[in-house]
Amino acid sequence: MLDGCVPWPEEFAERYRAAGYWKDETLGEMLRARARERGERPALVVGQERYTYAELDARADRVAAGLLALGIGPGDRVVVQLPNTAGFVALIFGLFRLGALPVFALPAHRSSEIGYFCAFTGAAAYAIPDEPEYRALAEEVRAGLPALKHVLTTIPEAEPVELPRPDPADVALFLLSGGTTGVPKLVPRTHQEWAYSGRAVAEACDYDASTVHLVSLPLGHNWPLTHGLLATVHAGGTLVLASGPSPDETFPLVEREGVTETGLVPGVALLWMEAAEWGEHDLSSLRRVTIGGSKLSDELATRVEPALGCRLQQAFGMAEGLCGFHRPADPPEVVLVSQGLPVSPADELRVVDEDDRDVPPGEIGQLLARGPYTIRGYYRSPEHNAQSFTSDGFYRTGDLVRLLPTGHVVFEGRVKDQINRGGDKIAAEEVENHLLAHPKVRQVALVGVPDEVLGERGCACVVPRGEPPTLAELAAFLRERGLAAFKVPDRLWIMAEFPLTPLGKVSKKALTAMVG
Ligand code: J2J
(Lines give C-alpha, C1' and ligand atoms only; values in the text may rest on other atoms or scores of the structure.)
Protein backbone atom coordinates (compact mmCIF):
# COMPACT_ATOMS: atom_id res chain seq x y z
CA MET A 1 0.00 0.00 0.00
CA LEU A 2 1.08 3.57 -0.70
CA ASP A 3 3.65 4.90 1.75
CA GLY A 4 2.02 6.94 4.53
CA CYS A 5 -1.21 4.89 4.53
CA VAL A 6 -2.33 2.32 7.09
CA PRO A 7 -3.23 -1.09 5.61
CA TRP A 8 -5.91 -3.43 7.00
CA PRO A 9 -4.33 -6.26 8.99
CA GLU A 10 -3.93 -9.31 6.74
CA GLU A 11 -6.47 -11.28 8.74
CA PHE A 12 -9.16 -8.68 7.93
CA ALA A 13 -8.09 -8.31 4.30
CA GLU A 14 -8.32 -12.07 3.92
CA ARG A 15 -11.80 -12.10 5.43
CA TYR A 16 -13.05 -9.27 3.21
CA ARG A 17 -11.67 -10.93 0.09
CA ALA A 18 -13.08 -14.34 1.02
CA ALA A 19 -16.55 -12.88 1.61
CA GLY A 20 -16.43 -11.24 -1.82
CA TYR A 21 -16.53 -7.67 -0.51
CA TRP A 22 -13.14 -6.95 -1.99
CA LYS A 23 -12.92 -8.06 -5.58
CA ASP A 24 -9.92 -8.29 -7.83
CA GLU A 25 -11.18 -5.28 -9.77
CA THR A 26 -9.94 -1.70 -10.17
CA LEU A 27 -12.27 1.28 -10.42
CA GLY A 28 -11.34 1.61 -14.09
CA GLU A 29 -12.31 -2.02 -14.67
CA MET A 30 -15.68 -1.45 -12.99
CA LEU A 31 -16.58 1.01 -15.77
CA ARG A 32 -15.09 -1.33 -18.41
CA ALA A 33 -17.28 -4.20 -17.23
CA ARG A 34 -20.39 -2.08 -17.59
CA ALA A 35 -19.33 -0.92 -21.07
CA ARG A 36 -18.87 -4.57 -22.15
CA GLU A 37 -22.26 -5.64 -20.82
CA ARG A 38 -24.38 -2.68 -21.80
CA GLY A 39 -22.26 -0.43 -24.00
CA GLU A 40 -25.16 1.24 -25.77
CA ARG A 41 -27.06 2.16 -22.60
CA PRO A 42 -27.02 5.80 -21.42
CA ALA A 43 -24.39 6.31 -18.73
CA LEU A 44 -24.07 10.04 -18.28
CA VAL A 45 -26.10 13.16 -19.09
CA VAL A 46 -24.78 16.67 -18.51
CA GLY A 47 -26.71 19.50 -20.16
CA GLN A 48 -26.87 18.59 -23.85
CA GLU A 49 -23.97 16.12 -23.58
CA ARG A 50 -24.88 12.43 -23.47
CA TYR A 51 -22.59 9.45 -23.15
CA THR A 52 -23.33 5.77 -23.46
CA TYR A 53 -21.26 3.38 -21.36
CA ALA A 54 -19.16 2.57 -24.42
CA GLU A 55 -18.50 6.25 -25.09
CA LEU A 56 -17.62 7.06 -21.49
CA ASP A 57 -15.33 4.04 -21.34
CA ALA A 58 -13.58 5.07 -24.56
CA ARG A 59 -13.16 8.63 -23.35
CA ALA A 60 -11.63 7.42 -20.08
CA ASP A 61 -9.04 5.50 -22.13
CA ARG A 62 -8.25 8.59 -24.19
CA VAL A 63 -7.94 10.73 -21.05
CA ALA A 64 -5.57 8.20 -19.45
CA ALA A 65 -3.42 8.34 -22.61
CA GLY A 66 -3.63 12.14 -22.72
CA LEU A 67 -2.47 12.43 -19.12
CA LEU A 68 0.40 10.04 -19.77
CA ALA A 69 1.47 12.03 -22.84
CA LEU A 70 1.73 15.10 -20.61
CA GLY A 71 4.03 13.22 -18.26
CA ILE A 72 1.48 12.37 -15.56
CA GLY A 73 1.96 8.71 -14.64
CA PRO A 74 1.01 5.95 -12.20
CA GLY A 75 1.19 7.07 -8.57
CA ASP A 76 1.09 10.79 -9.40
CA ARG A 77 -1.39 12.91 -7.47
CA VAL A 78 -3.80 15.24 -9.23
CA VAL A 79 -5.87 17.75 -7.25
CA VAL A 80 -9.29 17.86 -8.93
CA GLN A 81 -11.42 20.95 -8.41
CA LEU A 82 -14.03 20.80 -11.13
CA PRO A 83 -17.73 21.58 -11.34
CA ASN A 84 -20.20 18.78 -12.12
CA THR A 85 -19.23 18.14 -15.75
CA ALA A 86 -18.70 15.17 -18.05
CA GLY A 87 -15.01 16.15 -18.07
CA PHE A 88 -14.90 15.55 -14.31
CA VAL A 89 -16.19 11.99 -14.70
CA ALA A 90 -13.94 11.24 -17.69
CA LEU A 91 -10.92 12.67 -15.87
CA ILE A 92 -11.32 10.59 -12.75
CA PHE A 93 -11.86 7.35 -14.64
CA GLY A 94 -8.83 8.26 -16.77
CA LEU A 95 -6.84 8.73 -13.57
CA PHE A 96 -8.09 5.43 -12.13
CA ARG A 97 -7.06 3.59 -15.33
CA LEU A 98 -3.66 5.19 -15.23
CA GLY A 99 -3.20 4.49 -11.53
CA ALA A 100 -2.79 8.22 -10.87
CA LEU A 101 -4.62 9.46 -7.77
CA PRO A 102 -7.27 12.17 -7.77
CA VAL A 103 -7.37 14.35 -4.65
CA PHE A 104 -10.97 15.53 -4.45
CA ALA A 105 -11.18 19.24 -3.60
CA LEU A 106 -14.49 21.10 -3.52
CA PRO A 107 -15.34 24.06 -5.77
CA ALA A 108 -15.52 26.32 -2.69
CA HIS A 109 -11.92 25.70 -1.61
CA ARG A 110 -9.48 28.57 -2.02
CA SER A 111 -5.72 29.06 -1.85
CA SER A 112 -5.37 28.09 1.80
CA GLU A 113 -6.93 24.66 1.26
CA ILE A 114 -5.74 24.01 -2.32
CA GLY A 115 -2.16 25.05 -1.53
CA TYR A 116 -2.16 22.64 1.36
CA PHE A 117 -3.59 19.70 -0.64
CA CYS A 118 -1.04 20.23 -3.42
CA ALA A 119 1.88 20.53 -1.01
CA PHE A 120 0.85 17.72 1.32
CA THR A 121 0.25 15.18 -1.46
CA GLY A 122 3.13 16.44 -3.64
CA ALA A 123 0.61 16.84 -6.46
CA ALA A 124 1.93 16.81 -10.04
CA ALA A 125 -1.18 18.47 -11.46
CA TYR A 126 -4.18 20.57 -10.51
CA ALA A 127 -7.35 20.40 -12.63
CA ILE A 128 -9.59 23.48 -12.68
CA PRO A 129 -12.37 24.93 -14.79
CA ASP A 130 -11.11 27.32 -17.47
CA GLU A 131 -12.32 30.43 -15.66
CA PRO A 132 -10.41 33.55 -14.59
CA GLU A 133 -11.08 33.03 -10.88
CA TYR A 134 -9.67 29.49 -10.89
CA ARG A 135 -6.76 30.42 -13.16
CA ALA A 136 -5.80 33.15 -10.67
CA LEU A 137 -6.12 30.64 -7.82
CA ALA A 138 -3.84 28.23 -9.70
CA GLU A 139 -1.26 30.97 -10.29
CA GLU A 140 -1.31 31.78 -6.60
CA VAL A 141 -0.82 28.22 -5.34
CA ARG A 142 1.70 27.30 -8.03
CA ALA A 143 4.30 29.75 -6.75
CA GLY A 144 6.50 27.81 -4.36
CA LEU A 145 5.32 24.35 -5.41
CA PRO A 146 7.93 23.04 -7.86
CA ALA A 147 6.34 19.56 -7.90
CA LEU A 148 3.12 21.02 -9.33
CA LYS A 149 4.02 20.80 -13.02
CA HIS A 150 0.63 21.06 -14.67
CA VAL A 151 -2.48 23.18 -14.31
CA LEU A 152 -5.13 21.45 -16.40
CA THR A 153 -7.82 23.79 -17.74
CA THR A 154 -8.93 21.24 -20.32
CA ILE A 155 -9.03 17.47 -20.01
CA PRO A 156 -6.17 16.05 -22.09
CA GLU A 157 -6.93 13.25 -24.56
CA ALA A 158 -4.79 11.11 -26.85
CA GLU A 159 -4.96 7.82 -28.77
CA PRO A 160 -5.38 5.03 -26.19
CA VAL A 161 -2.23 3.14 -25.20
CA GLU A 162 -1.53 -0.05 -23.24
CA LEU A 163 -1.22 0.78 -19.54
CA PRO A 164 0.10 -1.26 -16.62
CA ARG A 165 -2.71 -2.43 -14.35
CA PRO A 166 -3.02 -0.64 -11.00
CA ASP A 167 -3.16 -2.94 -7.95
CA PRO A 168 -6.81 -3.14 -6.78
CA ALA A 169 -5.55 -3.28 -3.17
CA ASP A 170 -3.69 -0.01 -3.49
CA VAL A 171 -4.81 3.55 -2.89
CA ALA A 172 -6.81 4.95 -5.82
CA LEU A 173 -7.86 8.38 -4.55
CA PHE A 174 -7.89 10.82 -1.67
CA LEU A 175 -11.04 12.28 -0.12
CA LEU A 176 -11.06 15.15 2.34
CA SER A 177 -12.10 14.60 5.89
CA GLY A 178 -14.52 17.12 7.37
CA GLY A 179 -12.00 17.04 10.18
CA THR A 180 -11.55 18.72 13.50
CA THR A 181 -7.90 19.68 13.25
CA GLY A 182 -6.00 22.80 12.21
CA VAL A 183 -5.39 21.47 8.72
CA PRO A 184 -7.72 19.19 6.74
CA LYS A 185 -6.88 15.49 6.83
CA LEU A 186 -6.71 13.32 3.74
CA VAL A 187 -8.55 10.02 3.49
CA PRO A 188 -6.85 7.41 1.28
CA ARG A 189 -9.28 4.98 -0.34
CA THR A 190 -8.27 1.88 -2.28
CA HIS A 191 -9.80 0.64 -5.54
CA GLN A 192 -11.37 -2.47 -4.09
CA GLU A 193 -12.81 -1.14 -0.85
CA TRP A 194 -14.16 2.09 -2.34
CA ALA A 195 -15.70 0.14 -5.23
CA TYR A 196 -17.31 -2.08 -2.61
CA SER A 197 -18.82 0.92 -0.83
CA GLY A 198 -20.51 1.91 -4.11
CA ARG A 199 -21.69 -1.65 -4.71
CA ALA A 200 -23.03 -1.98 -1.19
CA VAL A 201 -24.95 1.32 -1.55
CA ALA A 202 -26.41 0.13 -4.88
CA GLU A 203 -27.58 -3.07 -3.23
CA ALA A 204 -28.99 -1.33 -0.15
CA CYS A 205 -30.91 1.06 -2.40
CA ASP A 206 -32.02 -1.59 -4.93
CA TYR A 207 -30.42 0.19 -7.87
CA ASP A 208 -30.77 -1.37 -11.31
CA ALA A 209 -30.40 -0.38 -14.95
CA SER A 210 -33.59 1.69 -14.77
CA THR A 211 -32.10 3.96 -12.08
CA VAL A 212 -31.60 7.56 -13.16
CA HIS A 213 -29.67 9.32 -10.41
CA LEU A 214 -29.36 13.10 -10.33
CA VAL A 215 -26.33 14.63 -8.58
CA SER A 216 -26.71 18.32 -7.85
CA LEU A 217 -24.36 18.52 -4.83
CA PRO A 218 -20.66 18.94 -5.61
CA LEU A 219 -19.62 15.62 -7.13
CA GLY A 220 -16.18 15.62 -5.46
CA HIS A 221 -17.71 14.69 -2.11
CA ASN A 222 -17.84 11.08 -0.91
CA TRP A 223 -21.64 10.94 -0.78
CA PRO A 224 -22.40 11.89 -4.43
CA LEU A 225 -19.34 9.96 -5.57
CA THR A 226 -20.44 6.69 -3.97
CA HIS A 227 -24.25 6.95 -3.93
CA GLY A 228 -24.38 8.85 -7.24
CA LEU A 229 -21.48 7.83 -9.46
CA LEU A 230 -20.30 4.41 -8.21
CA ALA A 231 -23.65 2.91 -7.26
CA THR A 232 -25.19 4.03 -10.55
CA VAL A 233 -22.32 2.73 -12.67
CA HIS A 234 -22.37 -0.56 -10.76
CA ALA A 235 -26.08 -0.96 -11.51
CA GLY A 236 -25.69 0.16 -15.13
CA GLY A 237 -28.07 3.08 -14.57
CA THR A 238 -27.82 6.67 -15.78
CA LEU A 239 -26.09 9.49 -13.95
CA VAL A 240 -27.44 13.00 -14.55
CA LEU A 241 -25.37 15.96 -13.36
CA ALA A 242 -26.67 19.43 -12.51
CA SER A 243 -24.38 22.37 -11.81
CA GLY A 244 -26.17 23.03 -8.52
CA PRO A 245 -29.26 22.07 -6.51
CA SER A 246 -31.49 25.05 -7.40
CA PRO A 247 -35.01 23.92 -8.44
CA ASP A 248 -34.75 26.26 -11.46
CA GLU A 249 -32.17 23.94 -12.91
CA THR A 250 -32.94 20.60 -11.30
CA PHE A 251 -36.73 20.41 -11.72
CA PRO A 252 -36.65 20.71 -15.53
CA LEU A 253 -33.88 18.07 -15.50
CA VAL A 254 -35.95 15.68 -13.39
CA GLU A 255 -38.79 16.07 -15.86
CA ARG A 256 -36.67 15.83 -19.03
CA GLU A 257 -34.50 12.90 -17.96
CA GLY A 258 -37.05 10.98 -15.90
CA VAL A 259 -34.85 11.16 -12.79
CA THR A 260 -35.73 8.43 -10.29
CA GLU A 261 -33.26 9.09 -7.43
CA THR A 262 -31.38 11.96 -5.92
CA GLY A 263 -29.52 12.93 -2.76
CA LEU A 264 -30.15 16.22 -0.96
CA VAL A 265 -28.92 17.90 2.22
CA PRO A 266 -31.80 19.00 4.51
CA GLY A 267 -31.58 22.71 3.58
CA VAL A 268 -31.87 21.92 -0.13
CA ALA A 269 -34.69 19.47 0.53
CA LEU A 270 -36.61 22.33 2.16
CA LEU A 271 -36.02 24.49 -0.92
CA TRP A 272 -37.25 21.68 -3.19
CA MET A 273 -40.35 21.15 -1.07
CA GLU A 274 -41.25 24.83 -1.25
CA ALA A 275 -40.62 25.00 -5.00
CA ALA A 276 -42.64 21.82 -5.62
CA GLU A 277 -45.72 23.60 -4.28
CA TRP A 278 -45.75 25.70 -7.46
CA GLY A 279 -46.37 22.51 -9.39
CA GLU A 280 -44.69 23.85 -12.52
CA HIS A 281 -42.73 20.72 -13.26
CA ASP A 282 -43.62 17.08 -13.41
CA LEU A 283 -41.60 15.35 -10.71
CA SER A 284 -43.56 12.10 -10.91
CA SER A 285 -40.57 10.09 -12.17
CA LEU A 286 -38.90 10.49 -8.75
CA ARG A 287 -39.16 7.20 -6.87
CA ARG A 288 -37.28 8.39 -3.83
CA VAL A 289 -35.21 11.25 -2.43
CA THR A 290 -32.37 10.59 -0.04
CA ILE A 291 -31.63 13.19 2.61
CA GLY A 292 -28.42 13.22 4.59
CA GLY A 293 -25.09 14.89 5.29
CA SER A 294 -26.55 16.67 8.29
CA LYS A 295 -29.44 15.88 10.59
CA LEU A 296 -32.92 16.01 9.10
CA SER A 297 -35.38 17.12 11.76
CA ASP A 298 -38.22 14.70 12.48
CA GLU A 299 -40.63 17.51 11.68
CA LEU A 300 -39.21 18.17 8.21
CA ALA A 301 -38.95 14.42 7.60
CA THR A 302 -42.73 13.98 7.90
CA ARG A 303 -43.31 16.64 5.23
CA VAL A 304 -41.03 15.21 2.54
CA GLU A 305 -43.17 12.46 1.03
CA PRO A 306 -46.37 14.52 0.71
CA ALA A 307 -44.48 17.54 -0.68
CA LEU A 308 -42.34 15.73 -3.24
CA GLY A 309 -44.71 12.85 -4.01
CA CYS A 310 -42.03 10.18 -3.63
CA ARG A 311 -40.46 8.07 -0.93
CA LEU A 312 -38.07 9.41 1.64
CA GLN A 313 -34.86 7.68 2.57
CA GLN A 314 -32.27 9.06 4.96
CA ALA A 315 -28.54 8.53 4.66
CA PHE A 316 -25.52 9.12 6.79
CA GLY A 317 -21.88 8.59 6.04
CA MET A 318 -18.36 9.90 6.23
CA ALA A 319 -15.41 10.25 3.90
CA GLU A 320 -13.60 7.83 6.24
CA GLY A 321 -15.98 5.08 5.15
CA LEU A 322 -18.98 3.84 7.10
CA CYS A 323 -22.30 4.85 5.57
CA GLY A 324 -25.90 3.88 6.16
CA PHE A 325 -29.09 4.13 4.13
CA HIS A 326 -32.65 3.10 4.77
CA ARG A 327 -33.90 0.03 2.94
CA PRO A 328 -36.98 0.03 0.69
CA ALA A 329 -38.78 -2.24 3.18
CA ASP A 330 -38.10 -0.05 6.23
CA PRO A 331 -41.38 1.10 7.81
CA PRO A 332 -42.16 4.84 8.02
CA GLU A 333 -41.68 4.96 11.78
CA VAL A 334 -38.05 3.93 11.27
CA VAL A 335 -37.41 6.13 8.22
CA LEU A 336 -38.72 9.25 9.94
CA VAL A 337 -36.62 9.01 13.09
CA SER A 338 -33.35 7.33 12.14
CA GLN A 339 -30.63 8.17 9.63
CA GLY A 340 -30.12 4.75 8.10
CA LEU A 341 -28.76 1.22 8.47
CA PRO A 342 -25.08 0.45 7.70
CA VAL A 343 -24.80 -0.83 4.13
CA SER A 344 -22.53 -3.83 4.75
CA PRO A 345 -23.21 -6.89 6.91
CA ALA A 346 -19.50 -6.69 7.81
CA ASP A 347 -19.75 -3.15 9.24
CA GLU A 348 -18.89 -3.31 12.93
CA LEU A 349 -20.36 -0.56 15.09
CA ARG A 350 -19.71 0.21 18.73
CA VAL A 351 -21.37 2.93 20.82
CA VAL A 352 -19.12 3.89 23.70
CA ASP A 353 -18.80 6.20 26.68
CA GLU A 354 -15.88 8.51 27.46
CA ASP A 355 -13.79 5.56 28.63
CA ASP A 356 -14.43 3.53 25.48
CA ARG A 357 -16.80 1.19 27.31
CA ASP A 358 -19.90 0.03 25.43
CA VAL A 359 -23.01 1.85 26.61
CA PRO A 360 -26.14 -0.25 27.33
CA PRO A 361 -28.21 -1.00 24.17
CA GLY A 362 -30.25 1.99 23.03
CA GLU A 363 -28.27 4.57 24.98
CA ILE A 364 -26.33 7.47 23.54
CA GLY A 365 -22.57 7.30 23.08
CA GLN A 366 -19.83 7.94 20.57
CA LEU A 367 -20.02 5.85 17.42
CA LEU A 368 -16.93 3.79 16.59
CA ALA A 369 -16.75 2.00 13.24
CA ARG A 370 -14.67 -0.69 11.58
CA GLY A 371 -15.31 -2.62 8.41
CA PRO A 372 -14.51 -3.48 4.81
CA TYR A 373 -14.70 0.12 3.54
CA THR A 374 -13.72 2.13 6.63
CA ILE A 375 -10.14 3.37 6.64
CA ARG A 376 -7.58 2.37 9.26
CA GLY A 377 -5.74 5.69 9.21
CA TYR A 378 -5.40 9.11 7.57
CA TYR A 379 -2.65 9.80 5.07
CA ARG A 380 0.70 10.63 6.69
CA SER A 381 -0.81 11.47 10.09
CA PRO A 382 0.55 9.09 12.74
CA GLU A 383 -0.25 11.45 15.64
CA HIS A 384 -3.84 12.05 14.56
CA ASN A 385 -4.28 8.39 13.84
CA ALA A 386 -3.33 7.53 17.41
CA GLN A 387 -6.26 9.69 18.57
CA SER A 388 -8.77 9.03 15.78
CA PHE A 389 -8.52 5.22 15.79
CA THR A 390 -8.62 2.70 18.62
CA SER A 391 -5.72 0.28 18.96
CA ASP A 392 -7.88 -2.42 17.37
CA GLY A 393 -8.66 -0.30 14.34
CA PHE A 394 -12.06 1.28 15.03
CA TYR A 395 -12.48 4.81 13.64
CA ARG A 396 -13.71 7.30 16.24
CA THR A 397 -16.42 9.14 14.30
CA GLY A 398 -16.88 11.94 16.85
CA ASP A 399 -20.64 11.47 16.41
CA LEU A 400 -23.03 10.83 19.30
CA VAL A 401 -25.59 8.23 18.28
CA ARG A 402 -27.90 5.61 19.62
CA LEU A 403 -28.88 2.39 17.90
CA LEU A 404 -32.45 1.18 17.46
CA PRO A 405 -33.04 -2.54 18.15
CA THR A 406 -33.18 -2.96 14.36
CA GLY A 407 -29.60 -1.63 14.05
CA HIS A 408 -30.64 1.69 12.54
CA VAL A 409 -28.51 4.62 13.65
CA VAL A 410 -29.98 7.78 15.18
CA PHE A 411 -27.69 10.84 15.22
CA GLU A 412 -27.96 12.73 18.50
CA GLY A 413 -25.07 15.19 18.41
CA ARG A 414 -21.31 15.37 18.32
CA VAL A 415 -18.28 15.16 20.51
CA LYS A 416 -15.94 16.38 17.77
CA ASP A 417 -15.16 20.08 17.49
CA GLN A 418 -16.76 20.51 14.10
CA ILE A 419 -19.62 22.59 12.73
CA ASN A 420 -21.98 21.03 10.19
CA ARG A 421 -23.21 23.99 8.13
CA GLY A 422 -25.88 22.40 5.96
CA GLY A 423 -23.62 19.43 5.14
CA ASP A 424 -20.43 21.51 4.75
CA LYS A 425 -18.13 20.49 7.57
CA ILE A 426 -16.04 23.15 9.32
CA ALA A 427 -13.17 22.21 11.65
CA ALA A 428 -13.34 24.86 14.39
CA GLU A 429 -9.61 24.72 15.02
CA GLU A 430 -8.73 25.50 11.40
CA VAL A 431 -10.78 28.72 11.40
CA GLU A 432 -9.64 29.68 14.91
CA ASN A 433 -6.00 29.41 13.86
CA HIS A 434 -6.59 31.85 11.03
CA LEU A 435 -8.56 34.28 13.21
CA LEU A 436 -5.85 34.31 15.88
CA ALA A 437 -3.59 35.95 13.32
CA HIS A 438 -5.92 38.99 13.17
CA PRO A 439 -4.45 41.96 15.12
CA LYS A 440 -7.76 42.71 16.87
CA VAL A 441 -8.28 39.13 18.08
CA ARG A 442 -6.83 38.10 21.42
CA GLN A 443 -8.74 34.86 21.92
CA VAL A 444 -11.24 33.11 19.69
CA ALA A 445 -13.56 30.10 19.77
CA LEU A 446 -15.75 29.03 16.89
CA VAL A 447 -19.02 27.38 17.89
CA GLY A 448 -22.16 26.27 16.08
CA VAL A 449 -25.45 28.09 16.57
CA PRO A 450 -28.74 26.48 15.56
CA ASP A 451 -30.18 27.51 12.19
CA GLU A 452 -33.51 26.47 10.78
CA VAL A 453 -32.34 25.94 7.20
CA LEU A 454 -28.70 24.90 7.55
CA GLY A 455 -29.01 23.10 10.87
CA GLU A 456 -26.07 25.11 12.19
CA ARG A 457 -24.08 28.20 11.39
CA GLY A 458 -20.68 29.26 12.64
CA CYS A 459 -20.39 31.89 15.35
CA ALA A 460 -16.98 33.35 16.21
CA CYS A 461 -16.70 34.22 19.89
CA VAL A 462 -13.92 36.75 20.22
CA VAL A 463 -12.11 38.32 23.15
CA PRO A 464 -10.67 41.41 21.45
CA ARG A 465 -7.26 42.99 21.72
CA GLY A 466 -8.29 46.65 22.20
CA GLU A 467 -10.92 47.85 19.75
CA PRO A 468 -13.24 44.92 18.79
CA PRO A 469 -13.22 43.75 15.16
CA THR A 470 -16.42 43.71 13.08
CA LEU A 471 -17.77 40.59 11.41
CA ALA A 472 -17.12 42.18 8.00
CA GLU A 473 -13.48 42.78 8.93
CA LEU A 474 -12.99 39.19 10.05
CA ALA A 475 -14.76 37.83 6.97
CA ALA A 476 -12.57 39.92 4.64
CA PHE A 477 -9.49 38.79 6.57
CA LEU A 478 -10.36 35.09 6.19
CA ARG A 479 -11.08 35.45 2.50
CA GLU A 480 -7.80 37.32 2.07
CA ARG A 481 -6.06 34.32 3.65
CA GLY A 482 -7.64 32.06 1.04
CA LEU A 483 -10.20 30.21 3.13
CA ALA A 484 -13.32 28.67 1.55
CA ALA A 485 -16.33 30.97 1.95
CA PHE A 486 -18.46 28.38 3.81
CA LYS A 487 -15.92 28.45 6.67
CA VAL A 488 -16.34 32.19 7.26
CA PRO A 489 -18.37 32.67 10.48
CA ASP A 490 -21.93 33.91 10.03
CA ARG A 491 -21.99 35.62 13.40
CA LEU A 492 -19.63 37.40 15.76
CA TRP A 493 -19.96 37.55 19.53
CA ILE A 494 -17.60 39.91 21.35
CA MET A 495 -16.87 38.95 24.96
CA ALA A 496 -14.69 40.21 27.78
CA GLU A 497 -13.61 36.70 28.72
CA PHE A 498 -14.46 33.07 27.96
CA PRO A 499 -16.25 30.68 30.29
CA LEU A 500 -13.82 28.01 31.47
CA THR A 501 -14.13 24.37 32.37
CA PRO A 502 -13.06 23.26 35.87
CA LEU A 503 -9.72 22.36 34.27
CA GLY A 504 -9.33 25.91 32.97
CA LYS A 505 -9.97 25.14 29.29
CA VAL A 506 -12.34 27.29 27.22
CA SER A 507 -15.75 25.67 27.67
CA LYS A 508 -17.30 25.41 24.22
CA LYS A 509 -20.32 23.80 25.80
CA ALA A 510 -20.96 26.90 27.94
CA LEU A 511 -20.18 29.19 25.00
CA THR A 512 -22.64 27.35 22.78
CA ALA A 513 -25.33 27.67 25.44
CA MET A 514 -24.62 31.43 25.75
CA VAL A 515 -24.74 32.30 22.04
CA GLY A 516 -27.29 29.71 20.85
C1 J2J B 1 -26.42 13.83 10.95
N2 J2J B 1 -25.10 13.97 10.70
C3 J2J B 1 -24.63 13.46 9.54
C4 J2J B 1 -26.86 12.66 8.93
C5 J2J B 1 -23.44 12.79 7.84
C6 J2J B 1 -23.25 9.60 2.87
C7 J2J B 1 -23.90 10.64 3.51
C8 J2J B 1 -23.18 11.68 4.09
C9 J2J B 1 -21.78 11.72 4.01
C10 J2J B 1 -21.05 12.86 4.66
C11 J2J B 1 -21.11 10.67 3.36
C12 J2J B 1 -25.46 12.79 8.61
N13 J2J B 1 -27.27 13.20 10.10
N14 J2J B 1 -27.73 12.07 8.10
O15 J2J B 1 -19.76 10.63 3.25
O16 J2J B 1 -21.21 8.59 2.18
C17 J2J B 1 -22.21 14.06 9.65
C18 J2J B 1 -21.58 13.20 10.73
C19 J2J B 1 -20.44 12.52 9.98
C20 J2J B 1 -19.99 13.62 9.05
C21 J2J B 1 -19.23 13.12 7.84
C22 J2J B 1 -21.86 9.60 2.79
N23 J2J B 1 -24.69 12.39 7.57
N24 J2J B 1 -23.39 13.44 9.02
O25 J2J B 1 -21.67 13.83 5.09
O26 J2J B 1 -17.34 13.21 5.42
O27 J2J B 1 -21.07 14.07 11.71
O28 J2J B 1 -19.68 12.75 4.77
O29 J2J B 1 -19.39 12.08 10.82
O30 J2J B 1 -18.81 15.13 4.68
O31 J2J B 1 -21.23 14.23 8.65
O32 J2J B 1 -19.17 14.13 6.86
P33 J2J B 1 -18.67 13.84 5.38
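The protein chain is annotated in an unreviewed UniProt entry as 2,3-dihydroxybenzoate-AMP ligase from Nonomuraea endophytica.

**Q** Explain the UniProt feature "domain: AMP-dependent synthetase/ligase" (unreviewed entry) in the protein chain to me, please; I cannot follow it from the model alone.
**A** The UniProt feature table records "domain: AMP-dependent synthetase/ligase" (unreviewed entry) at residues 32-379. In residues 32-379, helix accounts for 36% and strand for 22%; the two terminal C-alpha atoms are 29 Å from one another.

**Q** Would you take a moment to explain the environment of Gly237 for this structure?
**A** Along the chain, Gly237 falls in the loop between helix H8 (222-235) and strand E10 (238-241). Setting aside residues up to four positions removed in sequence, Gly237 forms contacts with Tyr207, Asp208, Ala209, Ser210, Thr211, Val212, His213 and Thr232.

**Q** Before we go on, may I ask you to explain the packing of helix H2 (residues 27-38) against helix H4 (residues 86-98) in this structure?
**A** Put simply, H2 and H4 touch, their axes get as near as 7 Å, and they point 115 degrees apart. Classified by the interaxial angle, the pair formed by H2 and H4 is roughly perpendicular. Along the contact surface, H2 presents Leu27, Gly28 and Leu31, while H4 presents Phe93, Phe96 and Arg97. For the contact of H2 with H4, the class distribution of residues is 4 nonpolar, 1 polar and 1 charged.

**Q** Help me out: how do you make sense of unusual backbone geometry in this one?
**A** In most cases, non-glycine residues show a negative phi, while peptide bonds are predominantly trans. The backbone phi angle of Asp206 is positive, close to 55 degrees, even though this residue is not glycine. With respect to the secondary-structure elements, Asp206 resides in the loop between helix H7 (191-204) and strand E9 (212-215). Classification of Asp206 by C-beta neighbours within 10 Å gives partly exposed; the count is 14. Of note in the backbone geometry, Asp356 takes a positive phi value of approximately 65 degrees without being a glycine. The residue Asp356 is located in the loop between strand E16 (348-352) and strand E17 (365-370) in this model.

**Q** I tried to follow the sheet that holds strand E22 (residues 441-451) on my own but got confused; where do I start?
**A** For sheets, the rule is that strands pair by backbone hydrogen bonds, running either parallel or antiparallel. Spatial strand order, E22-E23-E24: 3 strands in an open sheet with mixed pairing. Strands with a single pairing partner mark the edges of an open sheet, and in this sheet they are E22 and strand E24 (491-494). Averaged over all pairs of adjacent strands, the angle between their axes in this sheet comes to 25 degrees, without regard to strand direction. Relative to E24, strand E23 (residues 455-464) is paired through 4 bridges, and the arrangement is parallel. The residue of E24 that forms the bridge with Cys461 is Trp493. Running at roughly 145 degrees to E22, helix H14 (residues 428-435) makes contact with E22 and E23 of the sheet.

**Q** Looking at this model, I keep getting lost on the site of the ligand. Mind explaining?
**A** Inspection of the region around the ligand gives 21 residues, with Asn222, Trp223, Phe316, Gly317 and Ala319 positioned closest. Those elements giving two or more residues to the shell around the ligand turn out to be H8, strand E13 (311-318) and strand E18 (395-403). With 5 residues, E13 is the single largest residue contributor to the shell around the ligand. Among the residues making up the shell around the ligand, the classes are represented as 7 nonpolar, 11 polar and 3 charged.

Cut-offs applied
Note that residues are indexed from 1 along each chain, following the sequence as it is written. Where local features are concerned, this predicted model is filtered to residues with pLDDT of at least 70; where side-chain atom pairs are given and counted, the filter is 80 or more; whole-chain, interface and lining totals use all residues. UniProt positions are given in the numbering used here, feature names are shortened, and annotations may be inferred rather than shown by experiment. Helical segments are the DSSP runs of H or I of at least four residues, strand segments are the runs of E of at least two, and each set is numbered from the N terminus. Contacts here follow a simple rule: the backbone-placed C-beta atoms of the two residues must lie within 7 Å. Axis definition: a line fit to C-alpha positions, over the contact stretch in the case of helices; interaxial angles, taken between N-to-C directions, run 0 to 180 degrees. Angles are sorted into four bins: roughly parallel if under 35 degrees, roughly antiparallel if over 145, roughly perpendicular if 65 to 115, and oblique for all others. Classification used: nonpolar for Ala, Val, Leu, Ile, Met, Phe, Trp, Tyr, Cys and Pro, charged for Asp, Glu, Lys and Arg, polar for all others including Gly. Here a residue counts as buried when 20 or more other C-beta atoms fall within 10 Å of its C-beta, as exposed when 12 or fewer do, and as partly exposed in between; the C-beta atoms come from the backbone. What makes two strands pair is DSSP finding at least two bridges between them. Here, nearness means that the C-beta atom of a residue, built from backbone geometry, sits within 6 Å of the molecule or strand in question.

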